[in-house]
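Spelled out from the first residue to the last, the chains are:
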Amino acid sequence: MKNEGERYDLIAKGFAEMRDSFATEQKYIDLFIRHLGDGRKVLDVGCGSGFPIASYLIKQGLQVTGVDASKELLAIAKVKCPDMQQIYGDVRHIAINEKYDGVIEWWCLFHLPKEDHQRMISRFAHWLKLDGILEFTTGDREYAASDSNMLGQELSFYSLNPADYEKYLKKSGFKILLCESDQEQHLVWIAKKIL
Ligand SMILES: C[S@@+](CC[C@H](N)C(=O)[O-])C[C@H]1O[C@@H](n2cnc3c(N)ncnc32)[C@H](O)[C@@H]1O
């Protein structure tokens, strides 16, 4: 397997059925929209089936492009979330030259090995216009683990320490607007690209 997207291909139907509504996200997605102000163009990194996040953003009038490495989840998104533009590829390597007002990532970064996290933050910065808004999620401490709790599919999970994300965000020209725990062992970050 080249990436976890290929593992999601194997459970795409079940995952999309399970992940069709908000758990704790609503407050943070609404905050993201508020911070975007007049900004309309959003990149959803690891968008999955487009539900529940891209579909909600689109309903609020935003233009969303989703990038994901699961062909099967993108095929479901084509039907369930037809207004989301799609890019298929590994978020660590795919060339995206467009600039966005907002970049959102929810529960995707944690599938990338720890050594990729710093570079992903600089990629988030690269995809944003100046004053653009980033919202992303991480663990609340450093870990590397794998389990098959997701529909029996073995998946890997990683996080750095919050202090590392803070450091990398600052290095990439971000000002942190929020870092909050929305549920056990999980942090939501909102940051503005100021440099
Ligand atoms: C837990 S799901 C989250 C999906 C969506 N963000 C949500 O909140 O429901 C993780 C997603 O990340 C995608 N993914 C994992 N590794 C990836 C990679 N290296 N490149 C692109 N997408 C990846 C998977 O295909 C899957 O859609």
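Residues numbered from 1 in each chain as written. Predicted model: local features only at pLDDT ≥ 70, side-chain atom pairs only at ≥ 80, totals over all residues.

A. Just the overall build of the protein chain, in detail. Within the protein chain, the secondary structure is distributed over seven helices and nine strands. In terms of overall size, the protein chain behaves like a compact globule, its C-alpha atoms giving a radius of gyration of 15 Å where 195 residues would be expected to give roughly 16 Å. In terms of overall dimensions, the protein chain has C-alpha extents of about 40 × 35 × 30 Å along its principal axes. For the protein chain, the residues scored as buried account for 38% of the 195 residues in total. (Helix = DSSP H or I, 4+ residues; strand = E, 2+ residues; numbered from the N terminus. Rg over C-alpha atoms; globule rule 2.2 N^0.38 Å. Buried ≥ 20, exposed ≤ 12 C-beta atoms within 10 Å, placed from the backbone.)

B. Here's a closer look at the nonpolar core. V103, F124 and L134 are the most contacted members of the largest nonpolar core, which has 51 residues in total. Excluding residues within four positions of it along the chain, F124 makes contact with V103, L134 and F136. (Core = buried A, V, L, I, M, F, W, Y, C linked by C-beta atoms within 7 Å. Contact = placed C-beta atoms within 7 Å.)

C. Main features of the environment of E98. In this structure, E98 sits in the loop between β3 (85-88) and β4 (100-105). You can call E98 exposed: it has 11 C-beta atoms within 10 Å.

D. Structural view of the environment of M18. Along the chain, the position of M18 falls in helix α2 (residues 12-18). M18 sits 82 residues away from Y100 along the chain, and the two C-alpha atoms are 29 Å apart.

E. Here's a closer look at the environment of H111. You can see H111 is positioned in the loop between β4 and α6 (117-127). What makes H111 partly exposed here is the crowd of 19 C-beta atoms within 10 Å. The spacing of H111 and A145 is 34 residues in sequence and 9.8 Å in space, taken between C-alpha atoms. Here H111 is in contact with E4, L155, S156 and F157, once residues within four sequence places are set aside.

F. Molecular detail of the site of the ligand. Surrounding the ligand, one finds 21 residues, the nearest of these being G5, G46, G48, A69 and S70. In terms of residue count, helix α1 (residues 4-9) provides more of the shell around the ligand than any other element does, three residues in total. Partitioning the shell around the ligand into residue classes produces 10 nonpolar, six polar and five charged. (Near = placed C-beta within 6 Å. Nonpolar A, V, L, I, M, F, W, Y, C, P; charged D, E, K, R; others polar.)

G. Local environment of the sheet that holds strand β5 (residues 128-139). Spatially, seven strands are ordered β3-β2-β1-β4-β5-β9-β8 in an open sheet, and the strand pairing comes out mixed. What marks the edges here is a single partner per strand, and that holds for β3 and β8 (174-183). Each strand of the sheet is rotated relative to its neighbour by a mean of 15 degrees, with strand direction disregarded. Two strands pair when backbone bridges link them, and β4 and β5 are joined in this way by four bridges, in the parallel orientation. Residue pairing for β5: G102 is matched across the bridge by I133. Contacting β2 (63-68) and β3, helix α5 (residues 71-80) crosses the sheet at an angle of about 170 degrees to β3. The strands touched by helix α7 (residues 162-171) are β5, β8 and β9 (186-193); relative to β8, the strand with the most contacts, the crossing angle is about 155 degrees. (Pairing = 2+ DSSP bridges. Axes fitted to C-alpha atoms, helices over the stretch in contact; angles between N-to-C directions.)

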